[in-house]
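Commentary on secondary and tertiary structure
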Amino acid sequence: MLNQGRTFEKEERGNFSQLNEDIYQFQLIDVNYEDSISQKSGENETKLSFTFVCLDSKDKDGNPARGKIMTKKFVPTALYVTQRDGKNMLYRVIEGLIGRELTQDEEAKGVSEKTINWLVEEKKQVRSLIENKAMANGKTYQNMVKFLPATNLVNILTAEEMSEVNEAIKKMNSKKDGSQPQANNNQSPVSRQESYTPAEEEDYLCPGKEINVEQIPFNLSPSKL
């Protein structure tokens, strides 16, 4: 027998169409920490999760593309450069967003949370190659495999579009972990909020905590980007 306290409500049909394999222009809208279990080691690891939204109106086949949400998650502590993957993923994402290669000095110093948050606040755009991979379970997974400079900027998301994107993200998060959606209060995306103090409110993008230079490869000053 079923418990009698639940009512099954009709949900609106969502748009689950995927982007075709191609290069699209995206806006960076958020960056967060995400704790997970490593599939390789079984140990806890902290990833950076970059959230992008497609700015192109349609794909090459005329299907709606604008507003599609893509995330890129990776462990930023992988400092080595491999023959297969090339540069560290953090290098590749940031270079695409700032539109140039990093200098050796920038690569050596490390990166602050303030810099990453600045990229979000500036609504930086990037072009990315989407790759679709069909799995044995019948699902198709999409991955952002290359990050290229946005040589021609397009219209960023409007306030109405951002509201729709935020609602879509809340629904996805609530379905994933069963929790209630949390409001986006536009505070520092990658900052641990418990580290705030009144003295740091003036520079809310950087709460005084910098990621260790041994963990992340470079330190950029927003004024130099």
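Residues numbered from 1 in each chain as written. Predicted model: local features only at pLDDT ≥ 70, side-chain atom pairs only at ≥ 80, totals over all residues. Heavy atoms only, no water.

**Quick word on the confidence of the model for the chain**
Averaged over all residues, the pLDDT of the chain equals 75, while 65% of them reach at least 70. No element of the chain has a lower mean pLDDT than helix α2 (residues 104-109), at 80, and none a higher one than strand β4 (residues 125-134), at 94. Here residues 12-16 scores under 50 on pLDDT; set against residues more than four positions off or in separate chains, the count is one contact. (pLDDT = per-residue confidence, 0-100. Helix = DSSP H or I, 4+ residues; strand = E, 2+ residues; numbered from the N terminus. Contact = heavy atoms within 4.5 Å.)

**Notes on the environment of arginine 92**
The topology assignment puts arginine 92 in helix α1 (residues 89-98). Judged by relative accessible area, arginine 92 falls into the partly exposed class, the value being 22%. A sequence separation of 56 residues divides arginine 92 from leucine 148, and the C-alpha atoms of the two residues are 8.3 Å apart. (Buried < 20%, exposed > 50% of the residue type's maximum accessible area, 1.4 Å probe, protein only.)

**A look at the packing of aromatic side chains**
Per the counting criterion, the structure on display carries five aromatic pairs. Taken together, a centroid distance of 6.3 Å and an interplanar angle of 15° make the contact between phenylalanine 50 and phenylalanine 52 stacked. Each member of the pair phenylalanine 50 and phenylalanine 52 is classed as buried. Plain terms: the ring middles of phenylalanine 50 and phenylalanine 74 are 5.6 Å apart, the flat faces sit at 20° to each other, and that makes the pair stacked. Here phenylalanine 50 is found in strand β2 (residues 44-54), whereas its partner phenylalanine 74 is found in strand β3 (residues 69-74), with 24 residues between them in sequence. The same class applies to phenylalanine 50 as to phenylalanine 74, namely buried. Ring-pair connections join several aromatic residues into one group, and the members of that group are Tyr24, Phe26, Phe50, Phe52, Phe74 and Phe147. (Phe/Tyr/Trp six-rings, centres within 6.5 Å; stacked < 30°, edge-to-face > 60°.)

**What to know about the nonpolar core**
Core analysis: the biggest nonpolar cluster contains 28 residues, and Phe26, Leu28, Phe50, Phe52, Val93 and Leu97 have the highest contact counts within it. Secondary structure elements with two or more residues in this core: β1 (23-37), β2, β3, α1, α3 (113-121), β4 and β5 (140-149). A per-element tally of this core places α1 first, with seven residues. Not counting residues up to four positions away in its chain, the partners in contact with valine 93 are Phe50, Phe52, Phe74 and Phe147. In this structure, Ile29, Leu55, Leu157 and Val165 belong to the second largest nonpolar core, which totals six residues. (Core = buried A, V, L, I, M, F, W, Y, C linked by side-chain atoms within 4.5 Å.)

**A word on unusual backbone geometry**
The phi angle at lysine 123 is positive, at roughly 55°, despite the residue not being glycine. In this fold, lysine 123 is placed in the loop between α3 and β4.

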